Amino acid sequence: MQFKSIILSVALAIACVSAQDNGAGFFFKCDTPGDVALTFDDGPSDFTPELLTTLKTAQIPATFFVLGKSINEGQGKAALKATFDAGHQIALHSNTHADMNTLTAKAIQSEYELNIKAVEDTIGVRPKMARPPYGNCNENCAKVLTGTMGLSIIQWNCDSNDWQYEAKCKNDPKDH
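Every chain begins its residue count from 1, and numbering advances along the sequence as written. Whole-chain, interface and lining totals are the exception, using all residues; otherwise, since this is a predicted model, local features are given only for residues with pLDDT of at least 70 and side-chain atom pairs are given and counted only at 80 or more. The side-chain figures draw on all heavy atoms in the structure; neither hydrogens nor water molecules are used.

The protein is annotated in an unreviewed UniProt entry as 10297_t:CDS:1 from Funneliformis geosporum. Under the UniProt heading Cofactor (unreviewed entry), the note attached to the protein is "Co(2+)". UniProt positions are given in the numbering used here, feature names are shortened, and annotations may be inferred rather than shown by experiment.

Asks: Could you give an account of the pattern of salt bridges, with specific residues and numbers?
Replies: Each salt bridge in this description consists of a side-chain nitrogen of Lys or Arg and a carboxyl oxygen of Asp or Glu lying within 4 Å of one another. Going through the model one piece at a time under the given rule, you end up with four salt bridges. The partner of Lys143 in a salt bridge is Glu139, and the shortest N-O contact between them spans 3.5 Å. Of this pair, Lys143 and Glu139 both sit in helix H6 (residues 139-148), separated by four residues, roughly a single helical turn. The pair Lys143 / Glu139 is uniform in exposure class, with both members exposed. Put simply, DSSP H or I for four residues or longer makes a helix, DSSP E for two residues or longer makes a strand, and each gets a number counted from the N terminus. Here the term buried applies to any residue with accessible area under 20% of the maximum for its type, exposed to any over 50%, and partly exposed to those in between, with areas from a 1.4 Å probe on protein chains only.

Asks: Describe in detail the state of the cysteines, supporting the description with residues and values.
Replies: For the purposes of this analysis, a disulfide is any pair of cysteine sulfur atoms at a distance within 2.5 Å. In this structure the tally under the stated criterion is one disulfide. Across a sulfur-sulfur distance of 2.3 Å, Cys137 and Cys141 are joined as a disulfide pair. Judged by the sign of its S-S torsion, about -95 degrees, the bond between Cys137 and Cys141 is left-handed. Looking at Cys137, the relative accessible area reads 1%, which means it is buried.

Asks: Outline the packing of helix H5 (residues 105-123) against H6, listing residues and values.
Replies: Interhelical geometry of H5 versus H6 gives an angle of 50 degrees and a closest axis separation of 9 Å. Relative to H6, H5 is oriented oblique. Between H5 and H6 the crossing geometry is right-handed. For the pair H5 and H6, contact is made by Ala105, Ile108, Gln109 and Tyr112 and by Asn140, Cys141, Val144, Leu145 and Thr148, respectively. The class makeup of the residues in the contact of H5 with H6 is six nonpolar, three polar and no charged. To obtain an axis, a line is fitted to C-alpha atoms, over the contacting stretch when the element is a helix, and the angle between two such axes runs from 0 to 180 degrees between their N-to-C directions. An angle below 35 degrees is read as roughly parallel, one above 145 as roughly antiparallel, one from 65 to 115 as roughly perpendicular, and any other as oblique. Helix crossings get a hand from a simple test, with the near helix turned counterclockwise from the far one by less than a right angle marking a left-handed crossing and a clockwise turn marking a right-handed one. When checking whether two residues touch, look at their non-hydrogen atoms; a contact exists if any pair is within 4.5 Å. Residues are grouped as follows: nonpolar covers Ala, Val, Leu, Ile, Met, Phe, Trp, Tyr, Cys and Pro; charged covers Asp, Glu, Lys and Arg; every other residue, Gly included, is treated as polar.

Given below as structure tokens:
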């Protein structure tokens, strides 16, 4: 039920604030007026199967920006495969959730090459979109992602602020 609340909250959001990098070719909104893109970052996780059930029931497609390390841990591969098989779009969120603005070009490329490998090894598809963790993608990052790797950088225009509940959920799992 909580996932339905999250989806509803995102869909009903009117004004949202975000602090993230911007640059030529960064995407912040859908091209078609009235369209909404629902996205999820940092997975796959233990909650992915329940989320997939909720999205299926509501007939809502989403884009999942996945982490290489999450794919390669626990049931990550199975969850990613189920997400892809359910028709959702898979995109990249780096391998370890590092702040791209603190890394060298070589380290940024390594983060995304490992992320791509984890996705390709699991679903056989190479994603074309990336969302840098924290929205941090300075000029150095953008040159690697768009120039060297040919990825589109997808940011957001509405933040659910779910990150502010992370510590609480880690301390009391029933609050998820």
